[in-house]
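Architecture at a glance
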Amino acid sequence: MSYNLLKGKRGIITGALDENSIAWKVAEKAHEEGATFVLTNAPIAMRMGEIKELAEKTNSEIIPADATNVEELTALFTKSQEILGGKIDFVLHSIGMSVNIRKNIPYTESNYEYFMKGIDVSAMSLHKMLAVAKKLDAINEWGSVVALTYAAAQRTYPFYTDMADIKAMLESIARSFGYHYGLEKKVRINTVSQSPTKTTAGTGIKGFGDFYDYADAIAPLGNASAEDCANYCITLFSDLTKMVTMQNLFHDGGYSTTGVSMGVMQKLGIQ
Ligand SMILES: NC(=O)c1ccc[n+]([C@@H]2O[C@H](COP(=O)([O-])OP(=O)(O)OC[C@H]3O[C@@H](n4cnc5c(N)ncnc54)[C@H](O)[C@@H]3O)[C@@H](O)[C@H]2O)c1
């Protein structure tokens, strides 16, 4: 069901790699809710071609941009305003990649070059996007920026290795930049801390399948799906959440505030 929550709004959606991507679902929902937007991803992801299908389905144009490259981000924000016919109302940052995770390197033996790459791609990219947008004055007053994060920023999950530290940085950038952008331009910035979700980035983490089931057994509502996450992002892009900024918002079926569930106790033979 659609409520026209984003009618007349213009956006930029990063990170739609394939139909499992959280960003893919956000794009579908944003289209249903009346928004127009540009899709973007790293040039290398573009070669896989699936994003074209999404662009056709949502009547959007694609602008390739490496989120670590300020020049490419400048072109992205400039061209997006031209294509969409005005300033941007919402931005989804849905970008994550750790070479240390990809290569199965234990946290205590992290390769620092890979660590820096992870920081640049997955956290600093948010700062770069916001700095470019602010410099160009590309985002409308009351515009909304959402970046996706994970609970390993607050509590330790050994398999999440350097991404835990990187997500903590991402959440901090959302708060810090959220202060300045809010004060000067009333642009709001939040992070959504999402349940484990079966996407390319998610399933690339060793032990993810088992952990997905564990989180599902802990959360009273179960794991939130990518589609649920997209619905939540839409509310954050809408005017209904106008005064929400600089928050890390848990979207996890109650997982983060549950100590233990009866289901898990039973599995351990305690109950
Ligand atoms: N899947 C999960 O379990 C989960 C849980 C919580 C948060 N998240 C976060 O959600 C976001 C989206 O991930 P997803 O799960 O949809 O997986 P995904 O693999 O579909 O999306 C990750 C995206 O990042 C893009 N990307 C990588 N390097 C880039 C670069 N240099 N420039 C621009 N884009 C680049 C990829 O091309 C891809 O589209 C990530 O920030 C991830 O950490 C995922």
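Keep in mind it's a predicted model, so treat the numbers as computed, not measured. (Residues numbered from 1 in each chain as written. Predicted model: local features only at pLDDT ≥ 70, side-chain atom pairs only at ≥ 80, totals over all residues. Heavy atoms only, no water.)

**Details of the overall build of the protein chain**
Counted only if it meets this: Note on conventions: DSSP H or I runs of at least 4 residues are helices, E runs of at least 2 residues are strands, and numbering of each starts at the N terminus. For the radius of gyration, the atom set is restricted to C-alpha positions; the globular benchmark scales as 2.2 Å times the number of residues to the power 0.38. Buried residues are those whose accessible area, probed at 1.4 Å on protein chains only, stays under 20% of the maximum for their type, while exposed residues exceed 50% and partly exposed ones sit between those limits. Residue contacts are counted whenever heavy atoms from the two residues lie within 4.5 Å of one another. His is not counted here, nor are the chain ends, while Lys and Arg score as positive and Asp and Glu score as negative. The atoms used to mark charge sites are NZ of Lys, CZ of Arg, CG of Asp and CD of Glu.
From N to C terminus, the protein chain includes eleven helices and seven strands. In terms of overall dimensions, the protein chain is globule-like: its C-alpha atoms have a radius of gyration of 18 Å, near the 18 Å expected for 271 residues. Along the three orthogonal principal directions, the C-alpha set of the protein chain runs to about 60 × 45 × 40 Å. When the 271 residues of the protein chain are sorted by exposure, 51% land in the buried category. Residue pairs at least 24 apart in sequence account for 75% of intrachain contacts in the protein chain once pairs closer than 6 positions are excluded. For the protein chain, the separation between the mean place of its 26 positive charges and that of its 30 negative charges on side chains is 4 Å.

**Thoughts on the site of the ligand**
Quick reminder of the rule: Residues are labelled near a given molecule or strand when at least one of their non-hydrogen atoms is within 4 Å of it. Within 3.5 Å is the distance limit for a polar contact, defined as a pair of N or O atoms, with the added protein rule that one can donate a hydrogen and the other accept it, and that residues adjacent in sequence qualify only through two side-chain atoms. Methods summary: accessible areas were calculated by the Shrake-Rupley approach with a probe of 1.4 Å, and residue burial reflects only the protein chains presented.
Contacts to the ligand come from 27 residues, most closely from Ser-21, Asn-41, Lys-167, Thr-197 and Thr-199. At 3.2 Å from an oxygen atom of the ligand is found a main-chain nitrogen or oxygen belonging to Ile-95. With the chains in place, 92% of the 820 Å² that the ligand exposes on its own is no longer accessible. Elements supplying a minimum of two residues to the shell around the ligand: strand S5 (139-149) and helix H8 (200-203).

**Let's talk about unusual backbone geometry**
In this structure, Asn-4 takes a positive phi of about 55 degrees despite not being glycine. Considering the arrangement of structural elements, one finds Asn-4 in the segment before strand S1 (10-14). The exposure class of Asn-4 is partly exposed, given its relative accessible area of 41%. In this structure, Asn-59 takes a positive phi of about 50 degrees despite not being glycine. With respect to the helices and strands, the residue Asn-59 is situated in the loop between helix H3 (50-57) and strand S3 (61-62). Given a relative accessible area of 69%, Asn-59 falls into the exposed group.

**Brief notes about the sheet that holds strand S7 (residues 248-251)**
So the rule is basically this: Paired strands, as defined in this entry, are two strands with at least two bridges between them according to DSSP. Throughout, an axis means a line fitted to C-alpha atoms (over the contacting stretch in the case of helices), and angles, computed between N-to-C directions, take values from 0 to 180 degrees.
Strand order in this open sheet of seven strands is S3-S2-S1-S4-S5-S6-S7, and the pairing throughout is parallel. This sheet does not close on itself; its edge strands, each paired only once, are S3 and S7. Helix H7 (residues 161-185) rests against strand S4 (88-93), S5, strand S6 (188-194) and S7 of the sheet, and its axis sits at about 175 degrees to S5.

**Here we look at the pairing of S4**
With six of its six residues buried, S4 lies for the most part within the structure. The sheet contact formed by S4 and S5 spans five bridges and is parallel. Bridge assignment links Ile-88 to a residue of S5, and that residue is Ile-139.

**Some words on the packing of aromatic side chains**
Rules: Aromatic pairing here means that ring centres of Phe, Tyr or Trp (its six-membered ring) are within 6.5 Å. Orientation follows from the plane angle: under 30 degrees is stacked, over 60 is edge-to-face, and everything else is tilted. Criterion for a charge above a ring: Lys NZ or Arg CZ within 6 Å of the ring centre, and within 35 degrees of the ring normal.
Counting across every chain of the model gives ten aromatic pairs. Aromatic side chains Phe-211 and Tyr-214 sit 5.8 Å apart centroid to centroid with 35 degrees between the ring planes, which places their arrangement in the tilted category. Of the two residues, Phe-211 and Tyr-214 both sit in helix H9 (residues 208-218), three residues apart, roughly one turn of that helix. Judged by its relative accessible area of 9%, Phe-211 is buried. On the basis of relative accessible area, Tyr-214 is assigned to the partly exposed category, the value being 39%. Among the aromatic residues, ring-to-ring pairing joins Tyr-150, Tyr-157, Phe-159, Tyr-160, Phe-211, Tyr-214 and Tyr-255 into one connected group. The ring of Tyr-212 has Lys-198 lying over it, and the distance from NZ or CZ to the ring centre is 4.1 Å. One Lys or Arg, Lys-242, reaches over the ring of Trp-142 and ends 4.3 Å from the middle of that ring.

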